[in-house]
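Descriptive structure summary
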Amino acid sequence: MTKIDNSTYKAIKQDKKDKEYLKKSLDKGFYGHSKRYKNTKMMMVLVLFLFILSDVVISLILFQTRKTWFIVFGCILAIPFARNLIDFIMALKAEPLEAEEYETVSAIEKASERSFLYDITITDTDGVVYIPCMMVCNNNIVAFVPKVKEASEREKIKKYIGNANTLESFSGTMNFRIVVTENVKTFEKEVRKIKLPDKENKKYDDEMKDRILSMGF
């Protein structure tokens, strides 16, 4: 019996899968989001700067003065330019998982049948913290921060995550247990010992995920 060649079908399926992941990676919580966010903001800064510069140059060439209605347009563009520039500067400090680290964590995610969040940022009046990987499951939050070696910095991250528990109108009275570790083995151990949530607790988990994602860019 002749074997059917389904390589083309597999290639199409894989290509579709890759495109779907690429689309998802633009969203918060997916690996690659911080890098794409930074690149997007950089492009916005460059485009807006060129528009503002062109506006001033055109005004000087045509009217030999900056006191024209062209400058009004440039002043208006300065607002989104400044905002995107600030966002870009903040995104520069984001440190996502290295490719090898992501492969390790992704294997843990698949083997444990859990769902992880990636490239998390949490902003506050005191600053911003970056969490490369996090699991929210059954009223537990386990964060993996491989580059944060100081215990005081991990406590700071824990405090920032804990702010989600104090947001107004949180549906429920329970507090999430929070663990922040820089050790991948500790992270895996914490992930595996947490049971999958029931239907009720899953609602709390989903709300907590939304709240954490809403606290950053």
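These figures come from a predicted structure and were not determined experimentally. As a convention, each chain's residues are numbered from 1 in the sequence order in which they are written. Side-chain atom pairs in this predicted model are given and counted only at pLDDT of 80 or more, local residue features only at pLDDT of at least 70, and totals for whole chains, interfaces and linings cover all residues. In computing side-chain properties, one takes all heavy atoms of the structure into account and sets aside hydrogens as well as water.

**Quick notes on the overall build of the protein**
On a plain count of helices and strands, the protein comes out with seven helices and four strands. Starting at the N terminus and walking to the C terminus, you meet the elements of the protein as α-α-α-α-β-β-β-α-β-α-α. When burial is assessed residue by residue, the protein has 39% of its 217 residues classed as buried. If you take every contact in the protein between residues at least 6 apart in sequence, the share linking residues at least 24 apart comes to 67%. To measure how exposed things are, a 1.4 Å probe is used in the Shrake-Rupley method; for residues, cover is taken only from the protein chains shown. In the structure as shown, the protein presents an accessible area of about 14,100 Å², 59% of it carried by carbon and sulfur atoms. Elements are defined by DSSP. Helices are runs of H or I of four residues or more, strands are runs of E of two residues or more, and each kind is numbered from the N terminus. Per-residue accessibility, obtained with a 1.4 Å probe over protein chains only, is compared with the maximum for each type, and a residue is labelled buried under 20%, exposed over 50%, and partly exposed between these values. Every residue pair with non-hydrogen atoms within 4.5 Å of one another is taken to be in contact.

**Topic: unusual backbone geometry**
Phi is positive for Asp119, close to 55 degrees, though the residue is something other than glycine. Examined against the element boundaries, Asp119 turns out to sit in strand S1 (residues 116-124).

**Digging into the pattern of salt bridges**
Pairing between side chains of opposite charge can happen when the charged atoms of each approach one another. Salt bridges are defined as contacts in which a side-chain nitrogen from Lys or Arg sits within 4 Å of a carboxyl oxygen from Asp or Glu. A full pass over the atoms with the stated rule returns nine salt bridges. Put simply, Arg154 and Glu182 hold a salt bridge, and the shortest N to O gap is 3.3 Å. Of this pair, Arg154 sits in helix H5 (residues 151-162) while Glu182 is found in the loop between strand S4 (177-181) and helix H6 (184-193), placing the two residues 28 residues apart along the sequence. The shortest N-O distance in the salt bridge between Glu188 and Arg192 comes to 3.1 Å. Placement of both Glu188 and Arg192 in helix H6 is noted, with a separation of four residues, approximately one turn of the helix. Overlapping salt bridges bring together Glu98, Glu101 and Lys147 as one network.

**Considerations on the packing of aromatic side chains**
Aromatic pairing here means that ring centres of Phe, Tyr or Trp (its six-membered ring) are within 6.5 Å. Orientation follows from the plane angle: under 30 degrees is stacked, over 60 is edge-to-face, and everything else is tilted. This model, assessed by the stated rule, comprises eight aromatic pairs. Each ring, one from Tyr102 and one from Tyr118, has its centre 5.4 Å from the other, and the planes form 70 degrees; the classification is edge-to-face. Residue Tyr102 is found in helix H4 (residues 99-112), and its partner Tyr118 is found in strand S1; the two are separated by 16 residues along the sequence.

**Some details on helix H7 (residues 199-214)**
A rise of 1.5 Å per residue sets the reference length of H7, with its 16 residues, at 22 Å; its end C-alpha atoms lie 23 Å apart and thus fit the reference within 8%. Every buried residue of H7 is accounted for by Asn201, Tyr204, Asp205, Met208, Lys209, Arg211, Ile212 and Leu213. Buried positions along H7 lie against S1, strand S2 (127-137), strand S3 (140-144) and H5. Where H7 begins, the side chain of Asp198 points an oxygen toward the backbone nitrogen of Asn201, at a separation of 2.8 Å. Residue count minus one, scaled by 1.5 Å, sets the expected span of a helix. Polar contacts here mean pairs of N or O atoms no more than 3.5 Å apart (in protein, one a potential hydrogen donor and the other a potential acceptor; neighbouring residues in sequence count only if both atoms are side-chain atoms).

**Quick notes on the packing of helix H2 (residues 33-63) against helix H3 (residues 69-92)**
Contact geometry of H2 with H3 gives a least axis separation of 8 Å together with a crossing angle of 155 degrees. By the angle class used here, H2 and H3 are roughly antiparallel. Once H2 is placed against H3, the crossing between them reads as left-handed. Classifying every residue of the contact of H2 with H3 gives 23 nonpolar, three polar and four charged. Axis lines are fitted to C-alpha atoms, over the contacting stretch for helices. Their N-to-C directions set the angle, which ranges from 0 to 180 degrees. For classification purposes, angles smaller than 35 degrees are called roughly parallel, those larger than 145 roughly antiparallel, those between 65 and 115 roughly perpendicular, and all remaining angles oblique. Note: crossing handedness is left-handed where the near helix turns anticlockwise from the far helix by less than a right angle, and right-handed where it turns clockwise. The classification used treats Ala, Val, Leu, Ile, Met, Phe, Trp, Tyr, Cys and Pro as nonpolar, Asp, Glu, Lys and Arg as charged, and all other residues, Gly among them, as polar.

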